[in-house]
Amino acid sequence: MMEDMEAEQTQIVLHKKETALAKITKEAFLKKCSPKNIIERYDDVKTFPTLFKEVEKSPTLLDIKLQYGKNYLESYLEIWVIRFISISGMECNISEDLMGETWYMAFEDYFHILTLADIKLFFEYAIKGKFNDRNNTATSFIKINGRTINDWVNKYMNLRFGSAEEESINEKSKFSFSTVRDSEIKSMRDMELNINTKKR
């Protein structure tokens, strides 16, 4: 029963996102969701807990692909990559005509999960060197190739899944603590009631 309700709620959220995108032309989407605008819109998204508050409001890469097509999504990701390379000063070993396709393939397994807020956080982490090996912290010395990209995406997703799991455990702990505390209070009240009854 609970699973059916969750599935129905997910469908409602997806429908809302798709409906919102359906009203926006490709050109309008590019203006509204340019890297600059997305960075400003999700300025508070600096960590995964802050990201999780935004995911239901942000379209996924799958939403964008279904609405505008594969080539459009490749081109959109390429805009982010060009900006990222410009800021980070990294050398890219991928030819321009394959850049969007390479990033598309790297993210593809997670299209249904990754939102525009994720893309903002992903590139922010990459610029800050959060995916780099401890021995190589200087981002500007890293060369971007297919292996580097896949490695970064896997590290990002591991961090994301780990953070989601931790948050879920924390929520369960709060609920468990609250339940235990309520039962303790009820037990103490019952004891107090019994004592008062015996005194009478």
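Details of the structure are given in the entry above.
Conventions adopted
Residues numbered from 1 in each chain as written. Predicted model: local features only at pLDDT ≥ 70, side-chain atom pairs only at ≥ 80, totals over all residues. Heavy atoms only, no water. Helix = DSSP H or I, 4+ residues; strand = E, 2+ residues; numbered from the N terminus. Expected span 1.5 Å × (residues − 1). Phe/Tyr/Trp six-rings, centres within 6.5 Å; stacked < 30°, edge-to-face > 60°. Buried < 20%, exposed > 50% of the residue type's maximum accessible area, 1.4 Å probe, protein only. Axes fitted to C-alpha atoms, helices over the stretch in contact; angles between N-to-C directions. Parallel < 35°, antiparallel > 145°, perpendicular 65-115°, else oblique. Left-handed = near helix turned anticlockwise from the far one by under 90°. Contact = heavy atoms within 4.5 Å. Nonpolar A, V, L, I, M, F, W, Y, C, P; charged D, E, K, R; others polar.

## Quick look at helix 6 (residues 70-88)
Turn by turn, an α-helix covers 3.6 residues, leaving residues three or four places apart pointing in a common direction. In this model helix 6 runs 27 Å from its N-terminal to its C-terminal C-alpha over 19 residues, within 8% of the 27 Å that 1.5 Å per residue would give. Where helix 6 ends, the next residue or the one after it, Gly89, has phi of about 75°, a positive value.

## Here's the deal with the packing of aromatic side chains
Tallying each qualifying case throughout the model produces 23 aromatic pairs. An angle of 45° between the planes, with centres 4.9 Å apart, marks the rings of Tyr68 and Tyr72 as tilted. Accessibility classification places Tyr68 together with Tyr72 in one group, the buried group. When the ring of Trp103 is compared with that of Phe107, the centres are 5.9 Å apart and the planes differ by 40°; the resulting orientation is tilted.

## Focus: the packing of helix 6 against helix 8 (residues 116-127)
One can describe the packing of helix 6 onto helix 8 by two numbers: an axis separation of 10 Å at closest approach and a directional angle of 25°. Comparing the axis directions of helix 6 and helix 8 gives the class roughly parallel. When you trace helix 6 past helix 8, the crossing you get is right-handed. Contact residues: Tyr76, Trp80, Val81, Phe84 and Ile87 in helix 6; Leu116, Ile119, Lys120, Phe123, Ala126 and Ile127 in helix 8. Tallied by class, residues from the contact of helix 6 with helix 8 come to 10 nonpolar, no polar and 1 charged.

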